[in-house]
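What follows is each chain in one-letter form.
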Amino acid sequence: EIAQCLVGSEMCKETEIEPLLVTAPYDEDEQKKPIHLSVHDGQEMDYIISGTLKFQIGSHIETVSEGDCIYYDSMNPHGMIAVDGKDCKFLAILI
């Protein structure tokens, strides 16, 4: 059932869960700027598949890498950028 939901079956539409496979491209210019923050309804869990992500929620900044997982209320301003010279791929699950 989980695998079906992850590939976009009708089961996913009946739940309030939206899984997204995201690639945050590494951008040297972004490393020198404040992280762009956004908000949206619900909660979010991000599981890092590969690469490293600098993640900001409010004024708190963490660096997460392959195998790490973060969970937060997405009504709090949040944003992320890929760091360490390569893209970061992660599974974002919006609840």
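Residues numbered from 1 in each chain as written. Predicted model: local features only at pLDDT ≥ 70, side-chain atom pairs only at ≥ 80, totals over all residues. Heavy atoms only, no water.

S.K.: So what about the overall build of the protein chain? Which residues, and what values?
M.R.: Looking only at helices and strands, one finds two helices and seven strands in the protein chain. When the helices and strands of the protein chain are placed in sequence order, the string is α-α-β-β-β-β-β-β-β. Counting every position in the protein chain, which comprises 95 residues, the buried fraction comes to 27%. A separation of at least 24 residues holds for 70% of the contacts in the protein chain among residues at least 6 apart in sequence. Just so you have it, the protein chain exposes about 6100 Å², and 54% of that area is on carbon and sulfur atoms. (Helix = DSSP H or I, 4+ residues; strand = E, 2+ residues; numbered from the N terminus. Buried < 20%, exposed > 50% of the residue type's maximum accessible area, 1.4 Å probe, protein only. Contact = heavy atoms within 4.5 Å. Areas by Shrake-Rupley, 256 points an atom, 1.4 Å probe, with all protein chains shown as cover.)

S.K.: Talk me through the nonpolar core; I want residue IDs and the actual numbers.
M.R.: Core analysis: the biggest nonpolar cluster contains 11 residues, these being Ala24, Ile48, Leu53, Phe55, Val64, Ile70, Tyr72, Ala82, Cys88, Phe90 and Ala92. Counting residues per element, this core draws most heavily on strand S7 (residues 88-94), which supplies three residues. Residues in contact with Ile48, not counting those within four places in the same chain, are Leu53, Val64, Ser65, Glu66, Gly67, Asp68, Cys88, Lys89 and Phe90. (Core = buried A, V, L, I, M, F, W, Y, C linked by side-chain atoms within 4.5 Å.)

S.K.: Describe the sheet that holds strand S1 (residues 18-24), and please don't skip the residues or the numbers.
M.R.: On the basis of which strands lie adjacent, the open sheet formed by four strands has the order S1-S7-S2-S5 and antiparallel pairing. Both edges of this open sheet fall to S1 and strand S5 (69-73), since each of them pairs with a single strand only. Within the sheet, the average angular offset between the axes of one strand and its neighbour, ignoring direction, is 20°. (Pairing = 2+ DSSP bridges. Axes fitted to C-alpha atoms, helices over the stretch in contact; angles between N-to-C directions.)

S.K.: Tell me about the pairing of strand S3 (residues 52-57), residues and numbers included.
M.R.: Direction of pairing for S3 relative to strand S4 (residues 60-65): antiparallel, over a ladder of six bridges. When the bridges of S4 are listed, Leu53 appears paired with Val64. As consecutive antiparallel partners, S3 and S4 are separated by two residues, and within that stretch Gly58 has a phi angle of approximately 60°, a positive value. As paired elements, S3 and strand S6 (residues 78-83) share six bridges and run antiparallel to each other. Across the sheet, residue Lys54 finds its bridge partner in S6, namely Ile81.

S.K.: Give a description of the sheet that holds S6 that names residues and reports values.
M.R.: Within the open sheet, the three strands sit side by side as S4-S3-S6. Their pairing is antiparallel. Since the sheet does not close on itself, it has two edges, and those belong to S4 and S6, each with one partner. Here the strands of the sheet are splayed against their neighbours by 20° on average, with no regard to which way each runs.

S.K.: If you had to explain the pairing of S5 to someone new, which residues and values would you point to?
M.R.: In regular strands, side chains alternate between the two faces of the sheet. Only one face of S5 is buried: it carries Ile70 and Tyr72, and the other face, with Cys69, Tyr71 and Asp73, is open. Across five bridges, the pairing between strand S2 (residues 43-50) and S5 is antiparallel. Bridged to Asp46 within S5 is Ile70.

S.K.: Give me the confidence of the model for the protein chain: which residues, what numbers.
M.R.: Here the protein chain averages 88 in pLDDT, and 84% of its residues register 70 or above. A low-confidence stretch, residues 1-5 stays under pLDDT 50, and its non-local contacts, those more than four residues away or across chains, total six contacts. (pLDDT = per-residue confidence, 0-100.)

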